[in-house]
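Letter by letter, the chains look like this.
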Amino acid sequence: MLGKAIAAHAWTFAGSGEFSLISRRGGMLLTIKNSPLARAEQADVPLCGYYSATFERIFSRLVSPSTAVTEISCMATGANACCFDVVFD
């Protein structure tokens with residue numbers, strides 16, 4: 001339910017980017033295509049720590065205190081989208 005609420009209001013942080021989520025047992029995968037934070041950047045490491053920290057804070061407060069969010073791909077490093085692995089314990 002929280003994932004749906006985030007998706008409905010994704011324009012507030014993804015801007016013109018395209019947000020999607022895939023729910024799975026014990027977590028979800030969040031994706032931002034055309035991320036405003038990374039689309040014009042080039043880097044050797046993911047740059048979207050803001051998103052990771054924001055998602056982790058929201059989910060740790062509202063779902064599970066031990067939630068962990070890791071950016072597993074980033075447009076700045078050449079990926080097609082910025083993807084975040086969300087794991088609930």
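No experiment lies behind these values; they were computed from the predicted model shown. (Residues numbered from 1 in each chain as written. Predicted model: local features only at pLDDT ≥ 70, side-chain atom pairs only at ≥ 80, totals over all residues. Heavy atoms only, no water.)

### Quick look at the sheet that holds strand E1 (residues 18–24)
Pairing in this open sheet of 4 strands is antiparallel, and the strands run E1-E2-E4-E3 from one edge to the other. One side of each edge strand has no neighbouring strand; the edge strands of this open sheet are E1 and strand E3 (68–73). Neighbour-to-neighbour, the strand axes of the sheet open up by a mean angle of 20°, direction not taken into account. On top of the sheet, helix H3 (residues 49–62) reaches E1, strand E2 (27–33), E3 and strand E4 (82–87); it is set at about 150° to E3, its chief contact. (Pairing = 2+ DSSP bridges. Helix = DSSP H or I, 4+ residues; strand = E, 2+ residues; numbered from the N terminus. Axes fitted to C-alpha atoms, helices over the stretch in contact; angles between N-to-C directions. Contact = heavy atoms within 4.5 Å.)

### A word on the environment of Thr 67
Along the chain, Thr 67 turns up in the loop between H3 and E3. Relative accessible area serves as the criterion here: at 6%, Thr 67 is assigned to the buried category. Each C-alpha atom, one on Thr 67 and one on Gly 27, is 8.7 Å from the other, the two residues being 40 residues apart in sequence. Thr 67 has contacts with Glu 56, Phe 59, Ser 60, Val 86, Val 87 and Phe 88, leaving out every residue within four places of it along the chain. At 2.7 Å, the side chain of Thr 67 forms a polar contact with the backbone oxygen of Ser 64. (Buried < 20%, exposed > 50% of the residue type's maximum accessible area, 1.4 Å probe, protein only. Polar contact = N/O pair within 3.5 Å; in protein donor to acceptor, adjacent residues only side chain to side chain.)

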